[in-house]
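For reference, the chains in residue letters:
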Amino acid sequence: MSRLSEKNLVIAKEIIARYPRQKSALIPLLHLAQEQSGYISKDAMVHLGELVGVTSAEVYGTASFYEMFRFEPIGKYLINICGTMSCALMGAEELMHHAEKRLGVKAGGTTQDGMFTLAHAECQAACTEAPCLQVNYRYRLRVTPADIDNLIDDLQTGKLSDEIPAHGVLSKVRQVIPADRAVGAIAPELVTESPVWLNGKAAL
Amino acid sequence: MTIVDPEKIVVDPNLVNITINDKPVVARKGEVIIAAADRTDDFIPRFCYHPRMSSVGMCRQCLVEVETPRGPMMVVSCMTPVAEGQIVRTATDNVKKAQEGVLELLLANHPLDCPVCDKGGECPLQDQAFSHGPGESRFVEEKRHYEKPIAISDIVYLDRERCILCDRCTRFADEVAGDPLISFTSRGNDTQVMTFPEEPFSSYFSGNTVQICPVGALTAKPYRFKARPWDLNETETTCTSCSVGCRIVVQSSRDELVRFQGVDVDPVNWGWLCDRGRYNFESVNSTERITTPLIKSDSGLVQSSWSVALDSAARIIRHALANNADSVAILGGARGTNEDAFAWAMLADELKVNQRDSQLGDGLTPEIFNLAQATIDETCAASTIILLSPDLKEELPVLYLRIRDAAQKRKSRIIEFSSHDSGLTPYAWRSVAFEPGRQAQVVRETLETKDMQEQIQRGEVVVVVGRANLAENEAFTLHALGEVLHAIPNAKILPVLRRGNVRGAVAVGLTPQQNSGDAIDILTKAAAGKIDCLILLGANPLADVADSILVKQALAQIRNVISIDTFITSSNQNADVVLPAAAFAEKNGTTTNLEGRVSNVTQQITPRGTSRPDWMIATELGLSLGIDLGVSSLDELHQKMISAIPEFASCDNEAAIQSDGVLMIHDALATISRGSKVLVDRNSYDYRLIVSRTMYDAAQSTITSNSLVGIITESTIYVHPLDLARIGVVDGTNIRVGVDEINIVLPVRAHSGIHRGTAWLPYNHTNVDIRPLLNIAADVIDVRIEQIK
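Residues numbered from 1 in each chain as written. Chains lettered and ligands numbered in written order. Predicted model: local features only at pLDDT ≥ 70, side-chain atom pairs only at ≥ 80, totals over all residues.

## Some remarks on the overall build of chain A
Within chain A one finds seven helices and four strands. Moving toward the C terminus, one meets the helices and strands of chain A in the order α-α-α-α-β-α-α-β-β-β-α. Relative to the compact-globule value of 17 Å for 204 residues, chain A shows a C-alpha radius of gyration of 21 Å, a clear excess of over 25%. Projected onto its principal axes, the C-alpha coordinates of chain A cover approximately 65 × 45 × 30 Å. For chain A, with 204 residues in total, the buried portion stands at 30%. Long-range contacts, defined as pairs at least 24 residues apart, comprise 63% of the intrachain contacts of chain A with a sequence gap of at least 6. (Helix = DSSP H or I, 4+ residues; strand = E, 2+ residues; numbered from the N terminus. Rg over C-alpha atoms; globule rule 2.2 N^0.38 Å. Buried ≥ 20, exposed ≤ 12 C-beta atoms within 10 Å, placed from the backbone. Contact = placed C-beta atoms within 7 Å.)

## Some points on the interface of chain B and chain A
By a widespread convention, an interface's size corresponds to the accessible area lost as its parts come together. With 12 residues of chain B in contact, the opposing surface of chain A contributes nine residues. A per-element tally of the side of chain B that touches chain A places strand E8 (residues 182–185) of chain B first, with four residues. Taken together, the residues of the side of chain B that touches chain A sort by class into six nonpolar, four polar and two charged. (Nonpolar A, V, L, I, M, F, W, Y, C, P; charged D, E, K, R; others polar.)

## So, the packing of helix H8 (residues 338–351) of chain B against helix H19 (residues 614–624) of chain B
Residue and element names in this part refer to chain B. In contact at an axis separation of 7 Å, H8 and H19 are set at 20 degrees when each is read in the N-to-C sense. Compared by their axis directions, H8 and H19 come out roughly parallel. Crossing geometry of H8 relative to H19 is assigned as left-handed. Contact with H8, carried on its side by Glu339, Asp340, Ala343, Trp344, Leu347 and Glu350, involves Asp614, Trp615, Ala618, Thr619, Leu621 and Gly622 of H19 and no other residues of that element. Taken together, the residues of the contact of H8 with H19 break down into six nonpolar, two polar and four charged. (Axes fitted to C-alpha atoms, helices over the stretch in contact; angles between N-to-C directions. Parallel < 35°, antiparallel > 145°, perpendicular 65-115°, else oblique. Left-handed = near helix turned anticlockwise from the far one by under 90°.)

## Re helix H6 (residues 92–103) of chain A
All names here are of chain A. Relative to the 16 Å expected for 12 residues at 1.5 Å per residue, H6 spans 16 Å between its end C-alpha atoms, a close match to the ideal helical length. Of the residues making up H6, those classed as buried are Ala92, Leu95, Met96, Ala99 and Leu103. One side of H6 holds all its buried residues, which, seen down the axis, span an arc of 100 degrees. Counted as exposed and oriented over 90 degrees from the buried face of H6: Glu94 and Lys101. Those residues of H6 hidden inside the fold are in contact with strand E1 (77–82), helix H5 (85–89), strand E2 (116–121) and helix H7 (145–157). (Expected span 1.5 Å × (residues − 1). Arc of directions from axis to C-beta.)

These figures capture arrangement, not role.
Now the structure itself:
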């Protein structure tokens, strides 16, 4: 339950400044909020609404359209095991059972320490490398039950923290566009000139 | 035979000729096919299309065929603009198949609970399933299930199972009301209309979403399970809750009001209503209504008969008049019909009672009605709208919708002068703040600036003027208006005064006569013991007049009070005679709205008990006093009024009065001069008070409406967040607010729309009475705000 932190607020303002209309920044801001807490809290949605000048209902309406935005607390690592045709044929079910046993939660659940959320997933477009899974949307291919054990061990000991950041972090490198390098697009309603290709000189 | 030179035929460049089902139709450029088809006999089925909102093509029900070079093409007629020579077919086999297909899909998840659904019988989905549906469904699977109706606000319930996702309510909330508190959430099969978790759809206009919902997904608490549409009786009338005068349909069942619906009339409300106007009919049905005449006895008010009560009222008036003609005064009369007010004005004329006022010290001088006037339409078409008015969203909600639309979708720009942020502030081109009492100076300086001058030159200017602050002398508003008219002599004004029929009441003469004083003067005289008899026409001065100390003194001094009212109020509970008046929808007549538009109000139900219309009470009381007003029917009275009152000479058009209304005649004779009122500076430790009304205050019609009474909030004072820090308390703590030796205790809240050094105090809320602070003789009121130690 948290609004954006001081640090993220600075980033948020920079993101908002990139767009001619404030509310256009909503999706990147939702990612920012998800990065901060791993999920998007109600307080965060209220805060984003204030920042871009829309109601919280509009923020929620926009955010809930997208499946990868989460509104409930989620584990630091989201493990999605593919269960679609190719992976199913190559033993996805067995993998899932093994993961459930190892983590002590059913598919869809989160471990008590808040480290792992285990979930079923539809095809992840890696059928040639079946069975596959994703940890925070990072692939693991041709997975065996032993691989799952190793993966969980490595995540627990922090060995993979360089490769796999916590849930919500899209990229470890943040794009920063200094104000003087911004495109400075103007809002469509403020555009008075017609586009170059319509200014009459070109034969259409 | 005359021969027309073809060169001389002027063709409107905006007209487009199209063909719908082989019949020629003239359409306007930019119009969509369905709008053009609505002017013909060919009905195109639809759910999401609404002529007052933008098209979204959400439901796909309005598919038609348009001829193209490659043959007929299926298009949605609510999204396809007309084009010259376009050939449209709305009922070919292909179109029918497509429309049936869409309906079958819409019905796939729609529960068939029509027998228990409030919408059943008047449901566009039900009707069009019959007229344009396939008749059967191939969908045998389990339908989607949601929790049955959930309350999304105090008034509105949402049943998501019935929803067909047409986007009408969400579009209305966003586009028309400007309160996008409901939105589509999730996607695909899970898409649903929802509020933000735990944040209700608390819009002042939420009832409109219920009216425009094409299925039974949205229902309103006051009407749920009350009646079936085929059992309803209805009549078209004009709402008199405020002076906008929205056209409505009043529906009743078994002689009880059950629902009001907005009627789409072009000059006024476009079909929209505010929730107060839509739902306060419950007060008409209230069991607390007075149903018989009451007279004072040793044990308080006791029931009586009309003859006894009228005799005793007549005796009181005769006795007072015998003393002195100036010892009788009449207050009120702005809540009834023109005819009611006219009958009372006639009676007052006969009795030579000059002390009468239908405004209760919270309006402006009637002289502003003699300035050049604008209608609502002219206001919304003006290039500049200057606001010197109360918060229109709170006081005249549907006028707010019209002006918001003018600023958002049309070319008008709003220049707002206000002491605190109003509902229109977000839509204003410029919003200029002033400290109460300083508006004239602020207006003068603002209008001198270059960009204001340029804006004013762009075209028509209309000034919306009304009493924004009850803790401020009305002269300040008039002086500010004088400044505007000095800078822009051609500007027209739209006067926005309180109470439904204040313009009509003033026009027929319920306003101070022969230089006698206004309501405040009358009460001041009364407090000095100079008034023997006060007649209250639906007025409750203890609630309506800002200065409660003055009113209490006055009521204590007045020997006799005669009250004509629908309820026992704080002012008439000790009256000598209380005569029960017929309420709205219980009587016929005409009413005048703020722009001077006269339209009819009609009777739909029998008056409760033995209550009678005010005009009838006036004539009968006249007879008891030996005065014959010469009217025995409402028609006679109406005819007498339009021949006696020059402003109403235009009102002999029965048909127009029963639809869009007729504008009263008015001569723009008066001018208003600039003035300079010297104002004492505010002590920097004090806060200057802004007292204004909100939509849900403790008005009689709101507290007696079961669905609205819970929405009324407790008295609270609002200050700027930095001022709250200066006072040194946290948000919501009780603090002491004082003027001189008067102190009241109430909660304080931070509000960023309030400017530093001022405090906003909503008028007439529950729990704490703020009126003792409001000394009406003061120019402005500065208060201390202190922590309670």
